Every structure is written in structure tokens, then in C-alpha cells.
Amino acid sequence: GEAYHQLGLITEAEASFRILATEQPNHAPAHRWLGMIYYDLGAYDAAISEMDRLIELSPDDYRPQRLLGLMYWDFERYSEAIPHYERVLELDPPADVEGEVRVELARSLAALLRYEPALEVLEGAPDSAAAQVVAAQCHWNSSRPDEARRLLAAARENGPTIREGYLLEADIRSADDDLAGALDIMRAAVAAHPHDAECRYRLALLLEQSGHTEQSAAEMAVYEENRTLATRLTELNYQALHEPRNAELRDEIADLCERLGKVELARTWRQAAEACRAGAERSALQEAAPPG
């Protein structure tokens, strides 16, 4: 199975690990490999099932908990992501993993408006720009603007501005009646994240408030187009969960990802499509081969 996987023969690798997991249902590495393969193929239902089984077999392994947290986060199912992230922290992961998970957990909590628990989680995180921006968001939404401003300034010094940093700074500029400053920030945000729907929408609103009605309408049109593409992408993602061997579907998803600027994700789906297609071709050749 591992040899097949290294050669890019994903279908054969999956079949090998599936046989192993069937014959030895308590073989944890087989379930780990299956989970990773299904995740790469976009078959998240199957990946979740394998990770759940792996947790039963290896309850002290933080890795399946982390992967489940990431998958639930991708689907914006934050309440389901949170307990998995919390379990990762209980299992004492490596320091670099712990720092990343604390930020991911804090973002999940903040998305559910649980700002104080999010700040408690971040107390143990390194002072990265991402952690400082999440903390700043929590303080801003908890009516502590001075601390939010301090943390946002520290985040700017600590690394490149991230998406959430742009959005928060625009909120602060708007609250300070600095409409021109907020507009400049959102223009920079769209330049850095041209396919981000929220950035584009916020820019359109600020342009409207500033009297730039034609520019606002143009930005809103791009926003609507991106939102339509994103909705279609979500629909196809769910479809792919139930069609793990559909190469054409994965090609379509990759095309949408490219149009939305999700380059790495597009590459992953393109590889998954090729793996499905190669597996189908090999199966056809095997069926056509004469016996013996």
C-alpha cells in the first residue's frame, strides 16, 4: 500500500489498505492511510469514518483529532471542530503543532462569538501575527478597543497583514470616522485577496458610502459572481463526498478553485482527478486482459 502510494497509484493503495483493514480491523496504520487517502480524494465522509475508527484504536494520537478539526472547520461546522482541537491540546502535541492548533481553536470559538474562551486559548500560543489578529478581533468585539488596536499594531510588526487583519483595521477606521482610511485598507485587502467574497463586499459598501457609485456597482458585480462560484464549489464538494471515483467531477472542482484563486486547492483536486482516472484505466485493462 505504501509503495503504491509513493508511486501515485492511489486506487491501488486504497485497495491494499482496505484489504488490510478488513482482514485486520484493529490495524491502526491501515486506517490512518485510508483516512489520508480519502481526505486527498475529497471523500470526507469516508475520511471522517476512518479517523473516528483510528481514534478508537489510538486514543493518544493527536493527528486524527487534528485532521477532523480541520475538516469540520472547512465546512464551517465550528461546534464540531472545537472538541477535536481541544482534545489535540490535551494530548500534548509538538510545540509547533500546539501553537497552530491554539489559533485554529480560537478562530472556531470566535466564529461562535465565544470571545473570552478564545482569548484564554490564545494565552498559550506564540505571539504570531495570526494569533494577535484573532485576539484583537476578540477584544474589539468585547468592547475593548484600545487593546484591539495595540494587538493589531503588534500583528503588523510581526508579519504580513492577513485577511482578518485587513477587515478588523477597516472596522476600526470606520469607527473612527476615517472613511477614506477604511477604503484604502479594503482596497489593499482586495488587492491581496482578489477572490475573497467578504473583502470584495466590504469594499463595495465603502465605495457606496464614499459616493463612488459606479465603482461600487462594479465591485458588487464581481462579488456576486464570486459568491455564485463559491456556492457551486460547495455543492460540488458535497457531491464529491459521495462520488469518490468521479474524475470529471474533480476536474470541475479544480476549475472552480482556479477561478476563485485557490491555487493549492485546485492542484490537490487535479491530482485527485488524475488518480481516479488512472485507477479506472488500470481496472479496465485488468478486466480486458486474458485469464492466466
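Q: Help me understand the pattern of salt bridges, please; the structure alone is not making it clear to me.
A: A side chain of one charge can pair with a side chain of the opposite charge when the charged atoms of the two come close. Counted under the stated rule, the structure contains 32 salt bridges. A salt bridge links Arg 156 to Glu 169; the nearest nitrogen and oxygen atoms lie 3.0 Å apart. Of this pair, Arg 156 sits in helix H10 (residues 145–158) while Glu 169 sits in helix H11 (residues 163–175), and the two are 13 residues apart along the sequence. Across the pair Asp 178 and Arg 173 runs a salt bridge, and its minimum N-O distance is 3.5 Å. Classification of Asp 178 as partly exposed rests on a relative accessible area of 28%. Members of the salt-bridge network, linked through shared partners, are Arg 107, Arg 163, Glu 164, Asp 171, Asp 196, Glu 198 and Arg 202.

Q: Sorry, what's going on with the environment of Glu 198 here?
A: Take Glu 198: it is sitting in helix H13 (residues 197–209). Measuring from C-alpha to C-alpha, the distance between Glu 198 and Arg 163 comes to 9.8 Å, with 35 residues separating the pair along the chain. Aside from chain neighbours lying at most four places away, what touches Glu 198 is Arg 163 and Leu 167. At 2.7 Å, the side chain of Glu 198 forms a polar contact with the side chain of Arg 163.

Q: I tried to follow the nonpolar core on my own but got confused; where do I start?
A: The nonpolar side chains of soluble globular proteins are, as a tendency, buried together. If you look at the biggest cluster of nonpolar residues, it comprises 58 residues, and the most contacted ones within it are Leu 41, Leu 68, Met 71, Leu 122 and Cys 138. Ranked by residue count, the leading element in this core is helix H9 (residues 129–141), at eight residues. In this structure Leu 41 touches Ile 10, Pro 244, Arg 245, Arg 250, Trp 269, Ala 272, Ala 275 and Cys 276, once residues within four positions along its chain are discounted. By size, the runner-up hydrophobic cluster in this structure holds 13 residues, among which are Tyr 166, Ala 170, Ala 182 and Leu 206.

Calculation rules
- Residues numbered from 1 in each chain as written.
- Predicted model: local features only at pLDDT ≥ 70, side-chain atom pairs only at ≥ 80, totals over all residues.
- Heavy atoms only, no water.
- Salt bridge = Lys/Arg side-chain N within 4 Å of Asp/Glu carboxyl O.
- Helix = DSSP H or I, 4+ residues; strand = E, 2+ residues; numbered from the N terminus.
- Buried < 20%, exposed > 50% of the residue type's maximum accessible area, 1.4 Å probe, protein only.
- Contact = heavy atoms within 4.5 Å.
- Polar contact = N/O pair within 3.5 Å; in protein donor to acceptor, adjacent residues only side chain to side chain.
- Core = buried A, V, L, I, M, F, W, Y, C linked by side-chain atoms within 4.5 Å.

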